[in-house]
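# Results of the structural survey
Chain residues, written in single-letter form:
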Amino acid sequence: MLNEDNKKKFKIKFYYLAVQLNAIILLFALSVVAFLIGPGQYRIPVTTILILIALILSMNFRKKYKATKAWLDEHAEKGKDT
């Protein structure tokens with residue numbers, strides 16, 4: 001069980017990850033839309049840029065997710081012992 005201070009920290013971490021995941025999903029969706037209905041000469045560059053940004057955010061998300069999961073496991077175990 002988490003104490004109140006750790007609950008607040010977890011809520012902030014969780015909110016950050018949720019917003020970042022939504023941004024990744026939105027960027028991938030926008031890249032599909034840009035590819036399908038974008039103007040001819042800008043179609044490939046815009047799609048590529050959107051996918052690259054989404055991939056970079058995905059790598060950052062994965063790193064933050066693992067760190068948050070480790071933090072939560074560590075603090076949840078401490079709460080069980082007390």
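Everything below is about the structure printed above this text.
To keep things clear, this report deals only with the structure shown in the data block. (Residues numbered from 1 in each chain as written. Predicted model: local features only at pLDDT ≥ 70, side-chain atom pairs only at ≥ 80, totals over all residues. Heavy atoms only, no water.)

### Quick look at the packing of aromatic side chains
Two aromatic rings, taken as a pair, are described by how far apart their centres are and by the angle between their planes. Here is the rule we go by: Whether two aromatic rings pair depends on their centres lying within 6.5 Å, for rings of Phe, Tyr and Trp, where Trp uses its six-membered ring; planes under 30 degrees apart make the pair stacked, over 60 edge-to-face, and the rest tilted. Think of it this way: any DSSP run of H or I at least four residues long counts as a helix, any run of E at least two long counts as a strand, and we number them from the N terminus. The buried label goes to any residue with under 20% of its type's maximum accessible area, the exposed label to any with over 50%, and the partly exposed label to all in between, with areas taken from a 1.4 Å probe on protein chains only.
One pass over the full model with this rule turns up two aromatic pairs. Judged by centre distance (6.1 Å) and plane angle (35°), the rings of F10 and F14 are tilted. Of the two residues, F10 and F14 both sit in helix 1 (residues 4-37), four residues apart, roughly one turn of that helix. Pairing F61 with Y65 gives two aromatic rings, centres 6.2 Å apart and planes at 20°, and the pair type is stacked. You can see F61 and its partner Y65 sitting in helix 2 (residues 43-81), four residues apart, about one turn around the helix. For Y65, a relative accessible area of 42% puts it in the partly exposed group.

### Considerations on the side chain of T47
Using the following cut-off: Here, two residues are considered to be in contact whenever any of their heavy atoms come within 4.5 Å of each other.
Turning to its location among the elements, T47 is positioned in helix 2. In this structure, T47 is in contact with S31, A34 and F35, ignoring residues within four places of it in sequence.

### Focus on the pattern of salt bridges
Convention followed: For salt bridges, the criterion is a side-chain nitrogen of Lys or Arg within 4 Å of an Asp or Glu carboxyl oxygen.
Using the criterion set out here, one finds two salt bridges in the structure. With a closest N to O distance of 3.9 Å, K7 and E4 form a salt bridge. With K7 and E4 both in helix 1, this residue pair falls three residues apart, about one helical turn. Looking at K7, the relative accessible area reads 33%, which means it is partly exposed. The class of E4 is exposed, set by a relative accessible area of 54%. Between K9 and D5 there is a salt bridge whose closest N-O contact spans 3.8 Å. One end of the pair is K9 and the other is D5, both in helix 1 and four residues apart, which spans about a single turn. D5 sits in the partly exposed class, given a relative accessible area of 44%.

### What about helix 1?
The criterion, for reference: An expected span of 1.5 Å times one less than the residue number is assigned to each helix.
Its 34 residues give helix 1 an end-to-end C-alpha distance of 49 Å, which sits within 8% of 50 Å, the value for a rise of 1.5 Å per residue. Buried within helix 1 we find N6, L17, Q20, I24, L27, S31 and A34.

### With respect to the environment of A67
Note on placement: A67 falls in helix 2. For A67, a relative accessible area of 47% corresponds to the partly exposed category. C-alpha of A67 to C-alpha of K13: the two residues are 54 residues apart in sequence and 9.9 Å apart in space.

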